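Residues per chain, in single letters:
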Amino acid sequence: MVEAVLIDLFSLPANWQNNIQGLLRNTLETIEKCTSIPAPFVYVMCCQRQGSERNGEKEPLLPALKDFQSLKERLEVVPALTTAAALYTVKQRLDQKDLSIIQVILPTLRKDSMKVYIDNLFTAVYQFEFEDLQVASDCEALHIAEPWSEGQTLPVQDVALIRSEIQMYLESLPSLKGELTILRSSLIPDDIFLHGFTTRTGGISYIPTLSSCNLFSSSKRRDPQVVVKENLRRLANAAGFNPETFHRVKIDHANAVCVLGKTEPDNYDGIITNQRGVTIAAPGADCIPVLFADPVRKACGAAHSGWKGTLLGVSMATVNAMVSEYGCDVKDILVVLGPSVGPCCYKLPHESAKEFHRIDPKCVRLFDSATPYIDIRRATRILLENGGILPENIQDDSVTDQSQNITFCTACHPDKFYSHFRDGTNFGTQIGFISIKD
């Protein structure tokens, strides 16, 4: 069932401009007459004239709205200078109400461009149906909806212009939840490497569990790729790396490692490079983002180590790849464990806990319970040390520095970090990143 209706009056054909109020009134009458109770939320998207807000002009569509009492609190006009700005505002309203099924009523000629805007500003969480504005005059028309279809038929240059408009709008938005903050380790020499771990502040993501510097998008979450890209651009500006030469692991919760410059696997949780000016990264939202640096051979790596990857030895797989590809000596490699869920909060089913108990009984607390507490950091350190990494070359602040410089518990600090364990499925993601300076 349709949860919201979007009426697009933004770029009407010239011969319709003089009857904009009549078009809107007819469309609202059809919605009011044909939809179930309660009525869906209705958003009317229209072009705002430059300076009209400043000059105190009233919304010209208001007279057409006053007679629709049944829609009353569910009807909102969204004026904006650009389609990107208007549609992003509508998206915010939808997300506030957790709405996902949207009917779009718009001129036929506008449909292809609207699909490009939607494809960029929304994810697969949302479902869209399309109606032609000129035929939305009876109940039958409103119930025959054209579903979303992949692909678009606009010329390439028009698509590029739409994407540029979206990017410019997102760049104009203020940062949320304070300034962008990057945590850095004193173990990694900053004259050779640029590195850091992000927190959740300083981006533009607005959904509570994703706000504000979310750095991962998926078909199951409401943050689109363009928003994540803008967050990354702001991070790159603050940190000093090039977002165009940025490579993030493709998570599989396993132990495959990508050697940058060689054939890229379909999925991998570790990545290494010896190329200068290229930034590699691993995400984490409870799982450990692990950074590796060899100041002697000037090589680096990043790994995503969740409980499965930890048991499969993804961190040592990354170390071994650095040794075999770049001739690194294990004793020269520095390893920093980033923000991740701590043994204070993280639980697993008893069967999975047994695997950690085999690594070291101290990795498990309340072992006899149905869901023991697990220390994936301790397990990671033990496996690294067993592989030849010197204990003094591993930074895990939960052990080495109780003031918590880097290795915070993500679940314990909702103001600083995202946490899947704490926030549920629509969670945000921070990253650990590293590159070799030019």
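Residues numbered from 1 in each chain as written. Predicted model: local features only at pLDDT ≥ 70, side-chain atom pairs only at ≥ 80, totals over all residues. Heavy atoms only, no water.

Q: Outline helix H4 (residues 111-121), supporting the account with residue identities and numerical values.
A: H4 sits mainly inside the fold: nine of its eleven residues count as buried. Buried within H4 we find Lys 111, Ser 113, Met 114, Lys 115, Val 116, Tyr 117, Ile 118, Asn 120 and Leu 121. (Buried < 20%, exposed > 50% of the residue type's maximum accessible area, 1.4 Å probe, protein only. Helix = DSSP H or I, 4+ residues; strand = E, 2+ residues; numbered from the N terminus.)

Q: Pulling in residues and values, what's your account of the sheet that holds strand E14 (residues 299-305)?
A: Sheet strands pair by backbone hydrogen bonding; their relative direction is either parallel or antiparallel. Taken in spatial order, the six strands of this open sheet run E10-E11-E14-E13-E15-E18, and their pairing is mixed. Both outer strands of the open sheet, strand E10 (257-259) and strand E18 (394-395), are each paired with one neighbouring strand and no more. The sheet contact formed by E10 and strand E11 (residues 270-273) spans three bridges and is parallel. Residue pairing across strands places Val 257 opposite Gly 270, the latter belonging to E11. Helix-sheet contacts for helix H9 (residues 314-326) involve E10, E11, strand E13 (288-294) and E14, and the interaxial angle to E14 is about 160 degrees. (Pairing = 2+ DSSP bridges. Contact = heavy atoms within 4.5 Å. Axes fitted to C-alpha atoms, helices over the stretch in contact; angles between N-to-C directions.)

Q: So what's going on with the environment of Val 336? Residues and values would help.
A: Considering the arrangement of structural elements, one finds Val 336 in strand E15 (residues 334-337). According to the relative accessible area criterion, Val 336 is buried, its value standing at 0%. Spatially, the C-alpha atoms of Val 336 and Leu 61 are 58 Å apart, while their sequence positions differ by 275 residues. Residues in contact with Val 336, not counting those within four places in the same chain, are Ser 185, Leu 187, Ile 188, Phe 197, Pro 289, Val 290, Leu 291, Gln 395 and Ile 406.

Q: Which residues make up the pattern of salt bridges, and what values do they have?
A: Pairing is possible between side chains that carry opposite charge, provided their charged atoms lie close to one another. Scanning the entire structure with this criterion turns up 16 salt bridges. In this structure, Asp 396 and Arg 381 form a salt bridge, with 2.3 Å as the shortest nitrogen-oxygen distance. On the criterion of sequence distance, the pair formed by Asp 396 in the loop between E18 and helix H12 (397-400) and Arg 381 in helix H11 (residues 376-386) is long-range, its members being 15 residues apart. For Asp 396, a relative accessible area of 0% puts it in the buried group. Residues participating in the shared-partner salt-bridge network are Lys 91, Asp 95, Asp 98 and Arg 222. (Salt bridge = Lys/Arg side-chain N within 4 Å of Asp/Glu carboxyl O.)

Q: Describe the sheet that holds strand E9 (residues 246-248), naming the residues involved and giving the relevant values.
A: Strand order in the open sheet formed by five strands is E7-E8-E19-E12-E9, with mixed pairing between adjacent strands. Sheet topology places strand E7 (182-183) and E9 at the edges, where each strand pairs with a single neighbour.

Q: Before we move on, can you summarise the confidence of the model for the protein chain with the specific residues and values?
A: Summary statistics for the protein chain give a mean pLDDT of 91 and a share of 91% for residues scoring 70 or more. In this model, residues 135-145 is a region of pLDDT below 50 whose contacts with residues beyond four sequence positions or in other chains number 25 contacts. (pLDDT = per-residue confidence, 0-100.)

Q: Could you give me a rundown of the domain arrangement of the protein chain, with the residues and numbers involved?
A: Under the domain assignment, the protein chain is made up of domain 1 (4-138 + 153-172) and domain 2 (182-436). In this structure, domain 1 and domain 2 have C-alpha centres spaced 41 Å apart. At the junction of the two partners, domain 1 supplies 18 residues and domain 2 supplies 16 residues. Here domain 1 packs against domain 2, burying approximately 1300 Å² in sum over the two surfaces, 53% of which is carbon and sulfur. Seen at the junction of domain 1 and domain 2, the total is three salt bridges. We note a salt bridge from Arg 222 to Asp 98, for which the minimum N-O separation is 3.1 Å. (Domains from an automatic or database assignment. Buried area = accessible area lost by both parts, 1.4 Å probe.)

Q: Just give me the short version of helix H6 (residues 156-172), but keep the residues and values in it.
A: In this model, H6 (17 residues) spans 25 Å end to end at C-alpha, consistent with the 24 Å of a helix rising 1.5 Å per residue. Those residues of H6 that are buried are in contact with helix H3 (83-96), H4 and helix H7 (225-239). (Expected span 1.5 Å × (residues − 1).)

Q: Got a sec to walk through unusual backbone geometry? Specific residues and values, please.
A: Note the cis peptide between Ser 211 and Ser 212, where omega equals 5 degrees. Mapping Ser 212 onto the fold places it in the loop between strand E8 (193-198) and H7. For Asp 286, which is not glycine, the phi torsion reads 115 degrees and is therefore positive. At Lys 298, a residue that is not glycine, the phi angle is positive and equals roughly 50 degrees. Position of Lys 298 relative to the elements: it lies in the loop between E13 and E14.

Q: Describe the side chain of Lys 91, naming the residues involved and giving the relevant values.
A: Here Lys 91 lies in helix H3. Assessed through its relative accessible area of 1%, Lys 91 is described here as buried. Side chain to side chain, Lys 91 and Tyr 126 meet in a polar contact 3.4 Å long. Residues in contact with Lys 91, not counting those within four places in the same chain, are Leu 121, Phe 122, Tyr 126, Tyr 206, Ile 207, Arg 222 and Pro 224. (Polar contact = N/O pair within 3.5 Å; in protein donor to acceptor, adjacent residues only side chain to side chain.)

Q: Can you break down the nonpolar core residue by residue, with the values?
A: Residues Leu 87, Tyr 88, Val 104, Met 114 and Leu 170 are the most contacted members of the largest nonpolar core, which totals 40 residues. Ranked by residues supplied to this core, first place goes to H3 with seven residues. Counting residues domain by domain, this core receives three or more from each of domain 1 (4-138 + 153-172) and domain 2 (182-436). Look past the residues within four positions of Tyr 88 in its chain and what remains in contact with it is Leu 121, Tyr 169, Leu 170, Leu 173, Ile 204, Tyr 206 and Val 227. Core analysis: the second largest hydrophobic core is formed by 36 residues, Val 314, Cys 328, Phe 356 and Cys 363 among them. (Core = buried A, V, L, I, M, F, W, Y, C linked by side-chain atoms within 4.5 Å.)

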